[in-house]
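Remarks on the overall topology
The primary structure of each chain is shown beneath.
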Amino acid sequence: MLRTELLIEPDELRQAQGLVIVDCRFSLADPDEGRKLYQAGHIPGACYLDLNQDLSSQAGQHGGRHPLPQLETLAEKLASCGIGPGTRVVAYDASNFAYAARLWWLMRSMGYRQPQLLNGGYQAWLASGGEAGTESQPGVRAQPGGVEFGGYCDIDGLKVLQSQNCLLVDSREERRYQGLEEPIDPIAGHIPGAVNRPWQGVTDDAGRMLDEQALRAHWGQALEADALVVYCGSGVTACVNLFSLALLGRDDATLYAGSWSDWCSYL
């Protein structure tokens, strides 16, 4: 059965108490857009976390375009929003879970309580009659936690897992996977041996997660693999696929954090 407790509907969120809401809206094309959208209107009481500034560290020659943030820095940022290891958190974006799922994965990886993701994102909130606030309301500071990130690998770890016959899943669009186009990274193509499961395939046109039958169809026989490693362009949208796997009970899949942008930096 689908683990629907990882999702939350707008009406349920409206009635919920004792939680922290996080706005994760972002645009790769315009890195300032998410914060501007937040300032223009957001779910009342929500704090804002930025993909580049808060949910990633600075990119280098290797490691991908969105390396994992420093754990201590992220823990402090979460604490400033009122989020500790046991805090109930709801995260949302406006991009079919693309950035909210990154926060979900990071918090799960560092041993925090898994956030719920708002089904349908900010659009669903407004469509359900939800109000838009403009005030910034920082929460009461929490005690930070976390020791280290788990559930991911770097390029060396990936090669070890490949030698152990893991199934490698590329989450990018089919044309990028096939190497027919590459709008971001300097080299087109995919990691040898990877199968393609585009991350956009787990949601409908309204940005809502598909039902269990449709998710199982998306994954197909990949669900039967003993070990799964998932990647995308830079380790961000792969988290949407990882979230869908968690909904289906596969919490054991590994994120190749640097993803294609790391892999191709060695070619």
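That block above? That's the structure.
As the structure is a prediction and not an experimental result, all values here were calculated from the model.

A few words on the sheet that holds strand β5 (residues 116-118). Overall, parallel pairing links the five strands, which are arranged β1-β5-β4-β2-β3 in an open sheet. Because the sheet does not close on itself, it has two edges, and the strands there are β1 (7-8) and β3 (47-48). Across the sheet, helix α4 (residues 100-109) lies against β2 (20-23), β4 (89-92) and β5, angled at about 145° from β4, the strand it touches most.

Here arginine 172 lies in the loop between β7 (167-170) and α7 (174-177). Of the polar contacts made by the side chain of arginine 172, one reaches the side chain of aspartate 170; its length is 2.7 Å. Of the polar contacts made by the side chain of arginine 172, one reaches the side chain of glutamate 182; its length is 3.3 Å. Sequence-distant contacts of arginine 172, that is, excluding residues within four places in its chain, are made with Tyr177, Glu182, Gly189, His190, Asn196, Pro198, Tyr231, Cys232, Gly233 and Trp260.

On to the sheet that holds β7, then. Reading across the sheet, the five strands line up as β6-β10-β9-β7-β8 and stay open at both edges, with parallel pairing between neighbours. The open sheet terminates on both sides in strands that have one partner only, identified here as β6 (152-153) and β8 (195-196).

Listed in full, the buried residues belonging to helix α8 (residues 212-219) are Leu215, His218 and Trp219. One side of α8 holds all its buried residues, which, seen down the axis, span an arc of 90°. The exposed residues of α8 that point more than 90 degrees off its buried face are Gln213 and Ala217. Contacts from the buried residues of α8 go to β7 and α9 (238-247). Two residues or fewer past α8, glycine 220 is found with a positive phi of approximately 55°.

Within this structure, the stated rule accounts for six aromatic pairs. Here tyrosine 92 and tyrosine 122 contribute two aromatic rings whose centre-to-centre distance is 5.7 Å and whose plane-to-plane angle is 20°, an arrangement assigned as stacked. Remark: tyrosine 122 occurs in helix α5 (residues 121-127) and tyrosine 92 occurs in strand β4; sequence separation between them is 30 residues. On the accessibility criterion, tyrosine 92 (1% relative accessible area) is buried. An aromatic cluster of at least three residues, connected via ring pairs, comprises Phe97, Trp104 and Phe243. When the ring centre of tryptophan 125 is taken as origin, the NZ or CZ atom of arginine 14, which lies over that ring, is 5.2 Å away. For arginine 25, the ring lying beneath its charged end belongs to tyrosine 122, and the centroid distance is 4.2 Å.

Reading the values: rules and limits
Residues numbered from 1 in each chain as written. Predicted model: local features only at pLDDT ≥ 70, side-chain atom pairs only at ≥ 80, totals over all residues. Heavy atoms only, no water. Pairing = 2+ DSSP bridges. Helix = DSSP H or I, 4+ residues; strand = E, 2+ residues; numbered from the N terminus. Contact = heavy atoms within 4.5 Å. Axes fitted to C-alpha atoms, helices over the stretch in contact; angles between N-to-C directions. Polar contact = N/O pair within 3.5 Å; in protein donor to acceptor, adjacent residues only side chain to side chain. Buried < 20%, exposed > 50% of the residue type's maximum accessible area, 1.4 Å probe, protein only. Arc of directions from axis to C-beta. Phe/Tyr/Trp six-rings, centres within 6.5 Å; stacked < 30°, edge-to-face > 60°. Lys NZ or Arg CZ within 6 Å of the ring centre and 35° of its normal.

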